[in-house]
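# Notes for the structure review
These are the residues of each chain, in order.
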Amino acid sequence: MRRAGAALVAGSALGWAGRKAYRLLTSGALTLDLGVGRRLQPLGPLTQTIRAPREIVFDVIAGPYLGKTPRALADKLQVWERGSDMVLAAHFTQVRCGITTTLETVRFQRPDRIDFHLVRGPVPHLTESFLLNTTDQGTELRWQGELGTDLGAIGQWWGARVARAWEHTVAISMEAIRAESERRAVSPPSSASPAA
């Protein structure tokens, strides 16, 4: 009887610990960077054609980072440190089990490139870039990146889950960038304009 009770308590504790660890990983509060069994996988590419000049598209993406972050983005973005061409920013993303917080450096290379590098988040390695190319229609916005996880196949399974959510979030942001860029291309910008 005592062994069955002890096994039940141990099983419950293990289950609770597993759920807690999963939530810490998904929230970005715990990053496992073990350097063991590192596997990399590509992110994207995703492309969006935008009927606006490249300079406007760049400003729509960079504005909330390099300038004052609009109130409309306060629950999604906090810039912790700001420089002339690089920031350290926290991003807050709603996922199935709550909010994931990532901390990233963002480097701006006007007029055609913005690079993100994960400092803390649900995976130990993630880099991504927005590339802006002038086209006959306006601008092609291309997003691509690389995600890395540790622990071999287990990490790869986790990375695939993170990659799906990450790509979905970026696709939504790219649509918002398109809409705001095209709006600005036909009317003057307003100080409270929403952006990525």
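Attention here is on the structure that accompanies the text. Being a predicted model, the structure only gives us computed values, none of them experimental.

## A look at the pairing of strand E7 (residues 138-149)
- Inspection of the sheet shows strand E1 (residues 39-50) paired to E7 by 10 bridges, in the antiparallel sense. Pairing of Thr 47 across the sheet is with Arg 142, part of E7.
- Between strand E6 (residues 125-135) and the antiparallel strand that follows it, E7, lie two residues.

## Observations concerning the pattern of salt bridges
- Evaluated as defined, the whole model comprises nine salt bridges.
- One salt bridge connects Arg 113 with Asp 115, and the closest N-O pair in it is separated by 2.9 Å.
- With a relative accessible area of 30%, Arg 113 lands in the partly exposed category.
- In this structure, the salt-bridge partner of Arg 178 is Glu 182, at a minimum N-O distance of 2.5 Å. Here Glu 182 and Arg 178 lie together in helix H3 (residues 152-186), a separation of four residues that amounts to about one turn.
- In this structure, a network of salt bridges that share partners links the residues Arg 51, Glu 175, Arg 178 and Glu 182.

## Considering helix H2 (residues 54-66)
- Under the 1.5 Å per step criterion, the end-to-end length of H2 is 17 Å for 13 residues, consistent within 8% with the ideal 18 Å.
- Of all the bends in H2, the greatest reaches close to 35° and is centred on Val 60; the proline Pro 64 follows between one and four positions later.
- By the burial criterion, the buried members of H2 are Val 57, Phe 58, Val 60, Ile 61, Ala 62, Pro 64 and Tyr 65.

## Some points on the sheet that holds strand E4 (residues 98-109)
- Read from one edge to the other, the open sheet built from seven strands follows the order E1-E7-E6-E5-E4-E3-E2, with strand pairing classed as antiparallel. Strands at the two margins of the open sheet, each flanked by one partner only, are E1 and strand E2 (77-82). Across the sheet, the axes of successive neighbouring strands diverge by a mean angle of 20°, strand direction being ignored.
- The sheet contacts of H2 involve E1, E2, strand E3 (86-95), E4, strand E5 (113-120), E6 and E7, and relative to E2 the element is tilted by about 85°.

## Quick word on the nonpolar core
- Tyr 65, Phe 108, Ile 114, Phe 130 and Leu 141 are the most contacted members of the largest nonpolar core, which totals 32 residues.
- Ranked by residue count, the leading element in this core is H3, at seven residues.
- Excluding anything up to four places from it in sequence, Leu 141 contacts Leu 46, Thr 47, Gln 48, Ile 50, Ile 61, Phe 130, Leu 131, Leu 132, Met 174 and Ile 177.

## Considering the packing of H2 against H3
- Where H2 contacts H3, the axes come no closer than 9 Å and their chain directions differ by 125°. The angle between the axes of H2 and H3 places the two elements in the oblique class. Pair H2 / H3 crosses with right-handed handedness. Here Ile 56, Val 57, Asp 59, Val 60 and Ile 61 of H2 come into contact with H3, specifically with Ile 177, Glu 180, Ser 181, Arg 184 and Ala 185.

## Things to note about the pairing of E6
- Both E5 and E6 contribute to a ladder of five bridges, which runs antiparallel. Residue pairing across strands places His 117 opposite Thr 127, the latter belonging to E6.
- In this structure, E6 lies alongside E7, joined through 11 bridges in antiparallel fashion. Residue pairing for E7: Asn 133 is matched across the bridge by Glu 140.

The rules we used
Residues numbered from 1 in each chain as written. Predicted model: local features only at pLDDT ≥ 70, side-chain atom pairs only at ≥ 80, totals over all residues. Heavy atoms only, no water. Pairing = 2+ DSSP bridges. Helix = DSSP H or I, 4+ residues; strand = E, 2+ residues; numbered from the N terminus. Salt bridge = Lys/Arg side-chain N within 4 Å of Asp/Glu carboxyl O. Buried < 20%, exposed > 50% of the residue type's maximum accessible area, 1.4 Å probe, protein only. Expected span 1.5 Å × (residues − 1). Bend = angle between axes of the 7 residues up to and from the residue. Axes fitted to C-alpha atoms, helices over the stretch in contact; angles between N-to-C directions. Contact = heavy atoms within 4.5 Å. Core = buried A, V, L, I, M, F, W, Y, C linked by side-chain atoms within 4.5 Å. Parallel < 35°, antiparallel > 145°, perpendicular 65-115°, else oblique. Left-handed = near helix turned anticlockwise from the far one by under 90°.

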